[in-house]
Number of protein chains: 2
Amino acid sequence: MKITIGEIARQAGVSTGTVSRVINGKPTVATDTRATVLAVMKKLGYEPDPVARELSRRTKHTLGIWVGAGENRLSPYFNVIWRALLREMQVRATQFVELPVDLTPVRRKLDAVLMFHCADIDQRLATLWRRGVPGALIGHHPNISCVAPDDMGGGRLAAERLLALGHWDLLHLTVADEHQWAVDRAAGFTAALAEHRGGSLAPTILRGGGSVLGGYRLMRDAWLQGHRPTGIFCATDEMAVGALGALADLGVAVPEQVSVLGFDGLVDLYPGLASVAQDIPSIAHEAVNLALNAIERDAIRHVIVPVQVLEGATLGPARARPAR
Amino acid sequence: MKITIGEIARQAGVSTGTVSRVINGKPTVATDTRATVLAVMKKLGYEPDPVARELSRRTKHTLGIWVGAGENRLSPYFNVIWRALLREMQVRATQFVELPVDLTPVRRKLDAVLMFHCADIDQRLATLWRRGVPGALIGHHPNISCVAPDDMGGGRLAAERLLALGHWDLLHLTVADEHQWAVDRAAGFTAALAEHRGGSLAPTILRGGGSVLGGYRLMRDAWLQGHRPTGIFCATDEMAVGALGALADLGVAVPEQVSVLGFDGLVDLYPGLASVAQDIPSIAHEAVNLALNAIERDAIRHVIVPVQVLEGATLGPARARPAR
DNA sequence: CTGAAAGCGCTTACAG
DNA sequence: CTGAAAGCGCTTACAG
């Protein structure tokens, strides 16, 4: 039998109204009443039915997702985070609508808008402000609640992992466009290498397209121009896949001759790909949280979600350093 | 004011129960009563509230989506169809769960399962049959309701479009794996070329990986081996993007020297890409329909959704044929 | 701080 | 074939 609010109320000896209040964190509940109810809920493993909540709430929450014009909606990363967002909203039974790039004709009432960081973010925030719609952002901005992966820390982790494997000639492939995440990943990587105890190292940084083909071309051209790195850190897994493709075409053995480390954690992209993984479910969870909180005009919060290195077959010890 | 079932009932002069019955297509409604209600619904632009339906339905429908082990869940195509499916289920307020490759440990009751065609489809159908779970398939199979794009017809359309532009040396890039859709696209393409009034043509067919990189390599190698087609038909847009990348690297002008036509209609993948477009929203709609109908043990149906050629900048008239 | 009650928009036995 | 009524699982004024 599905366990409902009524059952909780019965076992806790209170009314369903009170149970509802504790579920929704209303302040008007006595501390010990709250404790009792919470205890019963936990004991029974109760979870509110999102469908019922949505139906009974007078004003339904609908969240708009506003994707920038430049965002590649077909990229694997976007794919994964999009699914995570939808799943999150499904759990909360929140309606969502994907907003067109041009918001002008949208008449529908939006309770809040979730955005990805994009070039014209300031303009977008102004638009929302004008319409009085609160929002949250996946990315960085001082004037709005944000959530982002720890790009800088991830860059450091990448460096540390490669250093631990003895790598001494590092290449960083990243995107030509000035994305904050790309800047941060490169900065973290560079900083950690500079601080290396075994002697300060500076990576070669090459910039190009962020897709598989971009990574392919960067890697191929770098190799043909004589670059012979021991370790390669790519700003995205897509670029890493491209780089691996180029290395394969060039007959370079991975990881024997060179190690490759990606960023994002989309290991399904390539069997055995090592990557600095984002915690995408957490990012999605926080993002929806922030957007929903923004409806209540909560304080602006900035959340940084940790990343971690996923080991893989593309990572190995560095080849020996030639005697100087 | 939101328009509800009660308002319809009032204006149609019937009870809400009756309105509900016509909404749900129950047979026990008089023909003219049904007509009246339908008319009022249309006049008011009424749409049932999916949340309310879901809540009041005694047994909630939950649809499982069972993705094959070999399916690339990060591909743009999968991406798009997945989103279309979720949107469809959102509209119907149907719960959905993504099923693990191994169904054995799944205890949750599934009302129906939606699958993509995959290598071990027979085995999967047997599993469902054993568990008494109905299903539907995106792809082809005689024993279950299916929906698929018109792959064969799309192959023909591709040929006809290229012939109309005067192309006379055709290359078809496709996947090495024996997917039914790939077989059908190639078959339609080949058949239409063979029937060409200006004289029967046979395309060169090259097989490789289905990704961007696969298309890149096939195209590059073909060109380096001396192939000089006037028109190229790729079995997927991803391959087309790869082929375009290779042509760019080789300094071949598109469409002046060679035309490229993809398949799927994911034009966001590459600005100006011409493609035989699938009607993905319709496919998703039909798929969810079939799965839901399967719950009622409806007859097996096979639906083929039409495709159409999307023009684009990668398509142009063929270069002149050298005198023989 | 808390309870009793109405209501969200639909569906579905139960009668007739 | 159709209506009246109960109910899905919650939330929220309204009283107290």
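Calculation criteria
- Residues numbered from 1 in each chain as written.
- Chains lettered and ligands numbered in written order.
- Predicted model: local features only at pLDDT ≥ 70, side-chain atom pairs only at ≥ 80, totals over all residues.
- Heavy atoms only, no water.
- Pairing = 2+ DSSP bridges.
- Helix = DSSP H or I, 4+ residues; strand = E, 2+ residues; numbered from the N terminus.
- Axes fitted to C-alpha atoms, helices over the stretch in contact; angles between N-to-C directions.
- Contact = heavy atoms within 4.5 Å.
- Least-squares fit on C-alpha atoms with pLDDT ≥ 70 in both.
- Near = heavy atom within 4 Å.
- Polar contact = N/O pair within 3.5 Å; in protein donor to acceptor, adjacent residues only side chain to side chain.
- Nonpolar A, V, L, I, M, F, W, Y, C, P; charged D, E, K, R; others polar.
- Parallel < 35°, antiparallel > 145°, perpendicular 65-115°, else oblique.
- Left-handed = near helix turned anticlockwise from the far one by under 90°.
- Core = buried A, V, L, I, M, F, W, Y, C linked by side-chain atoms within 4.5 Å.
- Buried < 20%, exposed > 50% of the residue type's maximum accessible area, 1.4 Å probe, protein only.
- Right-handed = clockwise from strand over helix to strand, strands pointing away.

For chain A, an unreviewed UniProt entry supplies the name LacI family transcriptional regulator and the organism Geothrix rubra.

Here we take up the sheet that holds strand E3 (residues 112-116) of chain B. Residue and element names in this part refer to chain B. Pairing is parallel across the open sheet formed by 6 strands, whose spatial order is E2-E1-E3-E4-E5-E11. Sheet topology places strand E2 (95-99) and strand E11 (302-305) at the edges, where each strand pairs with a single neighbour. The sheet shows a mean angle of 20° between the axes of neighbouring strands, taken without regard to direction. Pairing analysis gives 5 bridges linking strand E1 (residues 62-66) to E2, with the strands arranged parallel. Across the sheet, residue Ile65 finds its bridge partner in E2, namely Glu98. Set on the sheet, helix H6 (residues 121-131) makes contact with E1, E3 and strand E4 (135-138); between it and E3 the angle comes to about 180°.

One copy of the chain maps onto the second through a rotation about an axis and a displacement along it. At an RMSD of 0.2 Å, chain A and chain B line up after a rotation of 180° and a shift of 0.2 Å along the axis. The superposition operator between the copies reduces to a two-fold rotation axis. By residue overlap, the copies meet face to face through one surface: 100% of the interface positions of chain A are interface positions in chain B.

Every one of the 28 residues lining DNA strand D counts as a neighbour, but Ile5(A), Ser20(A), Tyr46(A), Thr18(B) and Thr33(B) are closest to it. Here, DNA strand D places atoms within 4 Å of the protein, and 70% of those atoms are sugar or phosphate. Contact between DNA strand D and Ile5(A): a phosphate oxygen at 2.6 Å from a main-chain N or O atom of the residue. With respect to DNA strand D, the side chain of Arg21(B) contributes an N or O atom lying 2.7 Å from a base oxygen. Residue assignment for the surface near DNA strand D shows that the elements contributing at least two residues are helix H2 (16-23) and helix H4 (50-56) of chain A together with helix H2 (16-23) and helix H4 (50-56) of chain B. Of the residues in the surface near DNA strand D, the class split is 8 nonpolar, 11 polar and 9 charged.

Attention now moves to the packing of helix H9 (residues 212-224) of chain A against helix H10 (residues 237-250) of chain A. To describe two helices that pack against each other, one gives the angle between their axes and the distance between the axes. All names here are of chain A. Look at H9 against H10: their axes get within 6 Å of each other, and the N-to-C directions meet at 45°. Overall, the two elements H9 and H10 adopt an arrangement that is oblique. The handedness of the crossing between H9 and H10 comes out as right-handed. Packed against H9, whose contacting residues are Val212, Gly215, Tyr216, Leu218, Met219, Arg220, Trp223 and Leu224, the element H10 presents Glu238, Met239, Val241, Gly242, Ala243, Gly245, Ala246, Leu247, Asp249 and Leu250 at the interface.

Moving on, we get to the nonpolar core. Counting residues in hydrophobic clusters, the biggest one holds 62 residues, and the most contacted among them are Leu85(A) and Leu85(B). Aside from chain neighbours lying at most four places away, what touches Leu85(B) is Ile65(B), Leu114(B), Phe116(B), Ile138(B), Ala284(B), Ala287(B) and Val288(B). If you look at the next biggest cluster of nonpolar residues, it comprises 50 residues, including Leu171(A), Met239(A), Tyr216(B) and Val252(B).

This paragraph deals with the pairing of strand E8 (residues 231-234) of chain B. All names here are of chain B. What you see with E8 is no split at all: Gly231 and Phe233 on one side and Ile232 and Cys234 on the other are buried throughout. Both strand E6 (residues 170-175) and E8 contribute to a ladder of 4 bridges, which runs parallel. Opposite Leu170, over in E8, you have Gly231 as the bridge partner. Note that the unit made of E8, helix H10 (residues 237-250) and strand E9 (residues 259-264) has a crossover that is right-handed.

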